[in-house]
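Chain by chain, the residues run as shown.
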Amino acid sequence: MALVPAMAQNHDCSSCPHHQQHQKQHQSCGQNKQCANGLAPEIVTAFPTAKSVKKEAKWTVVYDAKKAVLGYAVYSKPASNGIKGYNGETPLMIALSTKEKIVAVIMLANQETPGYLRRVVDAKLLKSWDGLKPKKAVKKKVDTVSGATFSSRSIIETLRAALKTL
């Protein structure tokens, strides 16, 4: 699954590959961070057949149209508050399968420099934890991306902070 970060808080959805994919799936993506069915774009990116969600204490449960659980979404905020990259925080949504393994790490809206984030994505940093259970992902040694050290360090620390809450 190709995941590309939202590059800035008020970016134009039409220029963001992440949202272009989302638009193709749902034909509607506003800058209010919700699509026509009321789900956040990052939920639909990680779980294309998602129809509803339910916020619980440690995560958001994602359901399909028949109310079967597709997986879980873990948001890094507030656990990652204060962890900063080059230009600010690097919030994430971590998608987990029903077996509680990481299936996607998605960058959320942020103020990082797009060129630095492009290096992070191109280096496949966000895929470093795919297939791991949260406890193993927290302990995994992941190298920062050369030329995007502050951003990648922030992403690594943000992911760890979020997963430590589980």
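Residue indices follow the written sequence of each chain, beginning from 1 at its first position. Only residues with pLDDT of at least 70 are given local features in this predicted model, and only at 80 or more are side-chain atom pairs given and counted; all residues enter the totals for whole chains, interfaces and linings. Only hydrogens and water are set aside when side-chain values are computed; all heavy atoms of the structure are taken into account.

1. Quick look at helix H5 (residues 149-163)
(1) Moving on: Look at H5: 21 Å from first C-alpha to last across 15 residues, which is about the 21 Å you get at 1.5 Å a residue.
(2) Moving on: Within H5, burial applies to Ser151, Ser152, Ser154, Ile155, Ile156, Thr158, Leu159, Ala161, Ala162 and Leu163.
(3) Moving on: Contacts are assigned to residue pairs that have any heavy atoms within 4.5 Å of one another. Segments assigned H or I by DSSP are reported as helices when at least four residues long, segments assigned E as strands when at least two residues long, and all are numbered from the N terminus. At its buried positions, H5 is contacted by strand E3 (69-75), strand E4 (92-96), strand E5 (102-107), helix H3 (114-122) and helix H4 (134-139). In this analysis, the expected span of each helix is defined as 1.5 Å times one less than the number of residues it contains. Burial classification: accessible surface area is computed with a 1.4 Å probe over protein chains only, and a residue below 20% of its type maximum counts as buried, one above 50% as exposed, and the rest as partly exposed.

2. Quick look at the environment of Ser97
(1) Moving on: With respect to the helices and strands, the residue Ser97 is situated in the loop between E4 and E5.
(2) Moving on: Apart from residues lying up to four places away in sequence, Ser97 is in contact with Gly71, Tyr72 and Val103.

3. Some thoughts on the pattern of salt bridges
(1) Moving on: Throughout this description, the term salt bridge denotes a Lys or Arg side-chain nitrogen within 4 Å of a carboxyl oxygen of Asp or Glu. Scanning the model with the defined rule gives three salt bridges in all.
(2) Moving on: Residue Glu89 is joined to Lys77 by a salt bridge in which the shortest nitrogen-to-oxygen separation is 2.1 Å. Placement of Glu89 in the loop between E3 and E4 and of Lys77 in the loop between E3 and E4 is noted, with a sequence separation of 12 residues between them.
(3) Moving on: Judged by its relative accessible area of 37%, Lys77 is partly exposed.
(4) Moving on: Salt-bridge contacts for Asp143 lead to Lys141; the nearest nitrogen and oxygen are separated by 3.4 Å.
(5) Moving on: Its relative accessible area of 69% is what places Lys141 among the exposed residues.

4. So, the environment of Lys51
(1) Moving on: Among the secondary structure elements, Lys51 is positioned in the loop between helix H2 (41-46) and strand E1 (52-55).
(2) Moving on: Sequence spacing of Lys51 and Lys66 is 15 residues, and the spatial spacing of their C-alpha atoms is 8.7 Å.
(3) Moving on: In this view, Lys51 contacts Leu39, Tyr63, Asp64 and Ala65; residues no more than four positions away in its chain are not counted.

5. A short note on the sheet that holds E3
(1) Moving on: One open sheet holds the five strands; their spatial order is E1-E2-E3-E4-E5, and the pairing between them is antiparallel. Looking at which strands have only one partner, the edges of the open sheet turn out to be E1 and E5. The mean angle between the axes of side-by-side strands here comes to 25°, regardless of whether they run parallel or antiparallel.
(2) Moving on: We call two strands paired when DSSP finds no fewer than two bridges between them. Bridge count between strand E2 (residues 60-63) and E3: four bridges; the pairing is antiparallel. Bridge pairing in E3 places Tyr63 opposite Val69.
(3) Moving on: Contacts between H5 and the sheet are confined to E3, E4 and E5, with E4 contributing the most and set at about 55° to the helix. Axes here mean lines fitted to C-alpha atoms, for a helix over just the part in contact, with angles spanning 0 to 180 degrees between N-to-C directions.

6. Some thoughts on the packing of aromatic side chains
(1) Moving on: Each pair of aromatic rings taken from Phe, Tyr and Trp, with Trp reduced to its six-membered ring, is defined by centres within 6.5 Å and is described as stacked if the planes are under 30 degrees apart, edge-to-face if over 60, and tilted in the remaining cases. Considering all chains together, one arrives at three aromatic pairs under this definition.
(2) Moving on: Taking 5.2 Å as the distance between ring centres and 70° as the angle between the ring planes, the aromatic pair formed by Tyr86 and Tyr116 counts as edge-to-face. Placement of Tyr86 in the loop between E3 and E4 and of Tyr116 in helix H3 is noted, with a sequence separation of 30 residues between them.
(3) Moving on: The partly exposed category is assigned to Tyr86, whose relative accessible area is 46%.
(4) Moving on: Three or more aromatic residues joined by ring pairs form one cluster here, namely Tyr86, Tyr116 and Phe150.

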